[in-house]
Amino acid sequence: MSILSRIRRRRPVIPDGLWMKCQSCEEIIYTKTLYEGNKLCPKCGYHYPLSARERIALLCDEGSFVERDAYLIPLDPLQFPEYLDKQEKSRSKTKEYEAVVTGVGRIEGIATAIGVMDFGYIGGTMGSVVGEKVTRLIEHACTERLPLLVVSASGGVRMQESIIGLMQMAKTSAALYRLRQARVPYISLLTNPTTGGTTASYASLGDVNIAEPKALICFAGPRVIKQTIRQELPEGFQTAEFLLEHGLLDMVVPRPELKATIARLLRYLLNLPVAGPEAAA
Ligand SMILES: [Zn+2]
């Protein structure tokens, strides 16, 4: 037996995925700690992406979320090569029918219309169904006078639907204009990454625009801009912190404080009495 194989035999067997290297600080972290703690790196606090359902569990009171329009699925209007195949793969990977989950849930007891994008489904891209579900949610919020929260995570407009995808920018924005006329509040939460047509429509139109720390938020990505203008980009360009400093965002809120912050904003925007320790303060 060679030395190498003897060493191999003595080495304890570590199951795959028990430890991982943090993609931000490169420290070795215990995967279980990550998954039990809202997916934050325990060493550097890096915010790992959440699926739509994980995000709903984080923000909504337990068992309060009731989904709407769950089974809307897109057609393939342009007969784009492999589009149906891609949908099928994303559906089995994420167990979702599209890149956004919409419904009504309670946040610290406040009934709220909630839409959450799932980046795992074709990069959280916006096609006809994402636009339609978000628009229906806005219209429902308007009719029922429910405050609206949309959590974005998106690669932009879905190119497989081309102009039909692009149209969703105007459609969702017009619906939000009506919501504003009805004086129903809207909070937008932008998470890593929120880009393209999603940034350029509903994600940026909140009465309050919040982002998670270090989230990439942009229309065109840094590489595209760099190649186009052939100039060095400023430090931290297109991160949530940079955009907060330059006026595109209102707040950058770490994940553990999100629910309480959103609830506090909702109470303020809806003119509800303050709750819990705030009331005593
Ligand atoms: Zn880390």
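Parameters and conventions
- Residues numbered from 1 in each chain as written.
- Predicted model: local features only at pLDDT ≥ 70, side-chain atom pairs only at ≥ 80, totals over all residues.
- Heavy atoms only, no water.
- Salt bridge = Lys/Arg side-chain N within 4 Å of Asp/Glu carboxyl O.
- Helix = DSSP H or I, 4+ residues; strand = E, 2+ residues; numbered from the N terminus.
- Buried < 20%, exposed > 50% of the residue type's maximum accessible area, 1.4 Å probe, protein only.
- Donors = N, O, S within 2.8 Å, 3.2 Å for Na, K, Ca; no water.
- Tetrahedral: all angles 85-135°; square planar, octahedral: opposite > 155°, others 65-115°.
- Domains from an automatic or database assignment.
- Contact = heavy atoms within 4.5 Å.
- Buried area = accessible area lost by both parts, 1.4 Å probe.

(A) Focus on the pattern of salt bridges. Under the defined criterion, the tally for this structure stands at 18 salt bridges. Residues D61 and K259 are paired through a salt bridge, measuring 2.8 Å at the closest nitrogen-oxygen approach. Residue D61 is located in the loop between α3 (52-59) and β3 (66-68), and its partner K259 is located in helix α10 (residues 258-269); the two are separated by 198 residues in the primary sequence. Several salt bridges share partner residues, and in doing so they unite D69, E132, R136 and K171 into one network.

(B) Region of interest: the environment of E36. For E36, the position within the fold is in helix α2 (residues 31-36). Judged by relative accessible area, E36 falls into the exposed class, the value being 63%.

(C) Just the coordination of the zinc ion, in detail. For the zinc ion, every protein donor is listed as C22 (SG), C25 (SG), C41 (SG) and C44 (SG), and the spread of their distances is 2.3 Å. Between the 4 donor atoms coordinating the zinc ion, the angles at the centre fall across 106 to 116°, so the site counts as tetrahedral. Given the relative accessible area of 28%, C25 is considered partly exposed.

(D) The domain arrangement of the protein, seen in detail. Per the domain assignment, the segments making up the protein are domain 1 (13-48) and domain 2 (50-273). Here the C-alpha centre of domain 2 lies 26 Å away from the C-alpha centre of domain 1. Between domain 1 and domain 2, the residue contacts involve 6 residues of the former and 9 residues of the latter. Taken over both partners, the interface formed by domain 1 and domain 2 buries close to 670 Å², and the fraction arising from carbon and sulfur atoms is 52%. When the buried area of domain 1 at its contact with domain 2 is split by residue, N38, K39 and H47 rank highest and sum to 67% of it. Here domain 1 and domain 2 share 1 salt bridge between them. Across the pair E54 and K39 runs a salt bridge, and its minimum N-O distance is 3.0 Å.

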